[in-house]
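A structural walkthrough
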Amino acid sequence: MRKLLVGIVTMLVIFSVSSSFISRESDARGNFKFPLKWKIWNFHPTIFKLILNKIFKKYEIANRHKITTKTNLTSTSNGKIITVDDEGDGNFTSIQDAVDNASIGDTILIYSGTYHEEVKINKTLLIIGVDRELGSGNDIGYPVIDGEKELETAIEISKKARGISIEGLKITGYTGRGIDCSADEGVFRNLYIENCVHPWQMFVANAIWLGGDNCIVENCVFYANEGGVFDGRNSKGNIIRNCEFRSTSEFGLDIKGTNERIENNRFIDDRSIMIREGTASCIVLENTFDNSRYSAVYVYGKSDGTRISGNKIRGGKVGIHLQMYNEPSDITVEENHISSTLDAGIYLKDVNASVIIRNNVISECKTGIEFGSYSDEGFNNRNIQIYGNTILGCKEGISLKGCEGISIFENMIKKNDIGITCSVRTRCNNIYHNNFIDNGLSAYDFSGSNKWNKKYPEGGNYWSDYSGRDEDGDGIGDKPYKIPTSGIDEYPFMEAYGWENLPPSAPMIIGPSSGRIGVYYTYNFSSEDPESGGVYYYIDWGDGSYIEWEGPFPSGKVVRFSHKWDRQATYTIRAKARDEHGKESKWSTLKVSVPYVAEKAKPTAVAEVSRSKITRDDSIVTFISEKSHDNDEDGKEIKWIRWDFDGDGKWDTGSRITNYWIRFRGNERIAVDLSYLFDDNNDGHVNSLASHQKSVSSKTYFAKLEVKDDEGDTDIDYVSITVVYS
């Protein structure tokens, strides 16, 4: 009462100062009338009207059913049970009185009736609405807490009420919030909250305002409120599920938190879900949206870990709207069904983020997936993958604008007026392995800098209007598919989903290109399967003999087969690979020339040194075998050699080495460093293999060289070197 008197006095002072602006007439209900409606920043007279009326009205409503006595309370092991009935059959007629007289852990049962009050709770309670009368009276249905469009908040819960539970109530006609909860772990279920509307449009009245963590809102109905559930204090772990949001003028759900979960709700004729910048790991799962007034789901700004999955969206302007303003973000949009939107099924604007759009079904929309940008310059949409989607019956399947480096693959784009459009402001986008079927026009590419295929045999896209042929039977058209106005698919598939079973690569054949009659030669074959499955080989040796589908071998593994030819000719080895699904590669070939057998001839060893006389000052000599040669007609070179540097009968080197050098170090000591020059690339690079030292005298040594050809025949040559110490 004291607060009321202070408020009245204060307002009377303001009223007297402003009396020149206020008419002293009143209506039949005693409300003040004002002749003009001024803007609020010009001292709006309506403010005085609302404040004065609210003071008296709020006092009247809040005390209309207040009682001064209470009846006996029932106690249980879990606390007292307190009853509230508006007709006096319970412990209290006022919910607030019941709360004030309750202790932590008590249960308050509110029976059918109408309660005009604002309830403040600062303790953990279980509050349950009962849909019947307690005693006399004829009220039916769940109890109604009615603000009569004058009271501000129906139930205000402080942080002290951790774990509070409220269920089975109808809340209507409040100008602020139906429930204002700052407590953690609150549970709100089976509530019906309607007509929470603020009289001034600069404020938004919400059905439920969540400021705590790990709260649950479930099985509730929100109707004709300005805002539904607002979660705006960076809360964590809140769950909103199995609720219905209908005809909300602002957002049904307004989210800014971490690990929030929104699932199995229904949104009808409202603005649905807003996910604000700073939200993280929010899951929007298996909700239903009908005729959303703008977007069913609107993600605004950075929102790492957000997943929008399994939702059904019908009608409205836009299904899912992502707007990042170039903020990096990790978002997945998957397995949603979107239909009949006036604009885009999925709309992305300035999204430079790690976004995945996959396995969605989008039908009968103006545009299936559309990209846009605030700027008419630059490429603001990047780092996006679009795959596995079905886009059906839209005016335009996919529309790219301001896009760079976007990957679009494995989508079904069918029966749209236009399959896909790449505007002038697109570049380096990868569009491959898509099915373009029965579209009015399959694609436009006004840029010419987008890539419509991968390398052969991974291929490009399937185009149902492609008229080319496949003469080699590899499943890829022999001629490119031309895309108006400047695009081209180099490797169009002949069948839908042709990339799901790509053929292996044509085998590589490595081996000798010439040989002798009756001699077996070994050839290496290798092929890679795009699906990394097993590979079989078919090899035609060119002489009527063949190996028929040997395998399977691991993809990419080198496989060796040997063959000999029995007469002189030039033969063509042909090989192809086949995968485990029967898809065959193209042929690979290698020509082999087989001459007559020549009379066997021994090789010739030629031993040389870089200098034949060495003094203390000339410390290095190189042993040379490069002039050694094979005398057979097959043109083979010497492959095996070994040296005995000092003629002591012991071989000082191994085989397959060409040149060596020897260094003198100190009086009567020789260090033999075994080194060689690579024959393969002739780069002159010398690698040290080993070191051998021997005490020697000043005399002449006879180094011995032995060579051997590939037939096993050998030859020996000697060369002298004189060591002189002066």
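Note that the structure is a prediction, hence the values are computed from the model and not measured.

Helix and strand counts for the protein come out as three helices and 65 strands. Counting only residues that meet the buried cut, the protein has 48% of its 726 residues in that class. Across the protein, contacts joining residues at least 24 apart in sequence account for 54% of those joining residues at least 6 apart.

Now for the pairing of strand 52 (residues 535-540). Summarising burial for strand 52: six of the six residues are buried, a large majority. The two faces of strand 52 match: Val 535, Tyr 537 and Ile 539 on one face and Tyr 536, Tyr 538 and Asp 540 on the other face are all buried. Where strand 52 and strand 53 (residues 546-553) come together, four bridges link them in antiparallel fashion. Directly across from Val 535, in strand 53, lies its bridge partner Phe 553. What sits between the antiparallel neighbours strand 52 and strand 53 is a turn of five residues, in which Gly 542 has the positive phi angle 90 degrees.

So, about the packing of aromatic side chains. Applying the stated rule across the entire model yields 25 aromatic pairs. Between the aromatic rings of Tyr 538 and Tyr 546, the centroid separation amounts to 5.8 Å while the plane-to-plane angle is 10 degrees, which identifies the pairing as stacked. Taking 5.9 Å as the distance between ring centres and 80 degrees as the angle between the ring planes, the aromatic pair formed by Tyr 538 and Trp 587 counts as edge-to-face. Within this pair, whereas Tyr 538 is found in strand 52, its partner Trp 587 is found in the loop between strand 55 (569-579) and strand 56 (588-594), the two being separated by 49 residues in sequence. Ring pairing ties together the aromatic residues Tyr 523, Phe 525, Trp 541, Phe 561, Trp 565 and Tyr 571, which thus form one cluster. The residue whose ring lies beneath Arg 271 is Phe 251, and the NZ or CZ to ring-centre distance is 4.4 Å.

Across all of its chains, the model carries 28 salt bridges by this definition. A salt bridge links Glu 194 to Lys 170; the nearest nitrogen and oxygen atoms lie 3.5 Å apart. Of this pair, Glu 194 sits in strand 13 (residues 192-194) while Lys 170 sits in strand 10 (residues 170-172), placing them 24 residues apart in sequence. Taking relative accessible area as the criterion, Glu 194 reaches 12% and is therefore assigned buried. Close ionic contact of Lys 586 with Asp 472 constitutes a salt bridge, the shortest N to O distance being 3.1 Å. Of this pair, Lys 586 sits in the loop between strand 55 and strand 56 while Asp 472 sits in the loop between strand 47 (462-463) and strand 48 (481-483), and the two are 114 residues apart along the sequence. Since its relative accessible area comes to 35%, Lys 586 is described here as partly exposed. Within this structure, Glu 167, Arg 189, Glu 218 and Arg 241 form a network of salt bridges that share partners.

Right, let's talk about the side chain of Asn 225 for a bit. Within the element layout of this structure, Asn 225 appears in the loop between strand 16 (221-223) and strand 17 (227-236). Look at Asn 225 and you get buried, because its relative accessible area is 1%. A distance of 3.2 Å separates a polar side-chain atom of Asn 225 from the backbone nitrogen of Asn 195. The residues contacting Asn 225, other than those within four sequence positions of it, are Ile 193, Glu 194, Asn 195, Cys 196, Ala 207, Ser 247, Thr 248 and Ser 249.

The next point concerns the sheet that holds strand 50 (residues 508-510). Taken together, the three strands give an open sheet; going across it, the order is 50-51-54, and neighbouring strands pair in antiparallel fashion. The strands lining the two open edges of the sheet, one partner per strand, are strand 50 and strand 54 (559-563). Each neighbouring strand pair of the sheet contributes to a mean axis angle of 25 degrees, computed without reference to strand direction. In terms of strand pairing, strand 50 meets strand 51 (residues 521-526) through three bridges, oriented antiparallel. Counterpart to Ile 510 in the pairing with strand 51 is Asn 524.

Let us now look at the environment of Gly 393. In this structure, Gly 393 sits in the loop between strand 37 (390-392) and strand 38 (396-400). Among the residues examined, Gly 393 registers a relative accessible area of 21% and is labelled partly exposed. Sequence-wise, Gly 393 and Thr 367 are 26 residues apart; in three dimensions their C-alpha atoms are separated by 9.4 Å.

The grouping of Phe 702, Ile 716 and Tyr 718 at the surface amounts to a nonpolar patch, some 320 Å² of accessible area in total. With respect to the element layout, Phe 702 can be found in strand 64 (residues 700-708).

Strand order in the open sheet made by the four strands is 53-52-55-56, with antiparallel pairing throughout. Either end of the sheet is taken by a strand with one partner, and the two such strands are strand 53 and strand 56. Each strand axis lies, on average, 20 degrees off the axis of its neighbour in the sheet, ignoring direction. Sheet topology note: the strand 55/strand 56 ladder contains seven bridges and is antiparallel. Each bridged residue has a counterpart across the sheet, and for Ile 573 the counterpart in strand 56 is Leu 590.

This next bit is on unusual backbone geometry. In the segment running from Tyr 456 into Pro 457, the intervening peptide bond is cis, with an omega of 5 degrees. Take Pro 457: it is sitting in the loop between strand 46 (441-445) and strand 47. Of note, the amide linkage connecting Pro 484 to Thr 485 takes the cis form, showing an omega dihedral of 0 degrees. Note on placement: Thr 485 falls in the loop between strand 48 and strand 49 (487-489). Despite not being glycine, Glu 148 has its phi angle at roughly 50 degrees, a positive value.

We now examine the environment of Ser 292. By the element assignment, Ser 292 lies in the loop between strand 25 (288-290) and strand 26 (295-300). Taking the relative accessible area as the measure of exposure, Ser 292 reaches 4% and is therefore buried. Linking Ser 292 and Val 318, residues 26 residues apart in sequence, is a C-alpha distance of 8.0 Å. Ser 292 has contacts with Asp 270, Ser 272, Gly 316 and Lys 317, leaving out every residue within four places of it along the chain. Within the structure, the side chain of Ser 292 is placed 2.7 Å from the side chain of Ser 272, a separation counted as a polar contact.

What counts, and at which threshold
- Residues numbered from 1 in each chain as written.
- Predicted model: local features only at pLDDT ≥ 70, side-chain atom pairs only at ≥ 80, totals over all residues.
- Heavy atoms only, no water.
- Helix = DSSP H or I, 4+ residues; strand = E, 2+ residues; numbered from the N terminus.
- Buried < 20%, exposed > 50% of the residue type's maximum accessible area, 1.4 Å probe, protein only.
- Contact = heavy atoms within 4.5 Å.
- Pairing = 2+ DSSP bridges.
- Phe/Tyr/Trp six-rings, centres within 6.5 Å; stacked < 30°, edge-to-face > 60°.
- Lys NZ or Arg CZ within 6 Å of the ring centre and 35° of its normal.
- Salt bridge = Lys/Arg side-chain N within 4 Å of Asp/Glu carboxyl O.
- Polar contact = N/O pair within 3.5 Å; in protein donor to acceptor, adjacent residues only side chain to side chain.
- Axes fitted to C-alpha atoms, helices over the stretch in contact; angles between N-to-C directions.
- Patch = residues over 30% accessible without salt bridge, like charges linked within 9 Å, V, L, I, M, F, W, Y side chains within 5 Å.
- Areas by Shrake-Rupley, 256 points an atom, 1.4 Å probe, with all protein chains shown as cover.

That's the geometry; what it means functionally is another story.
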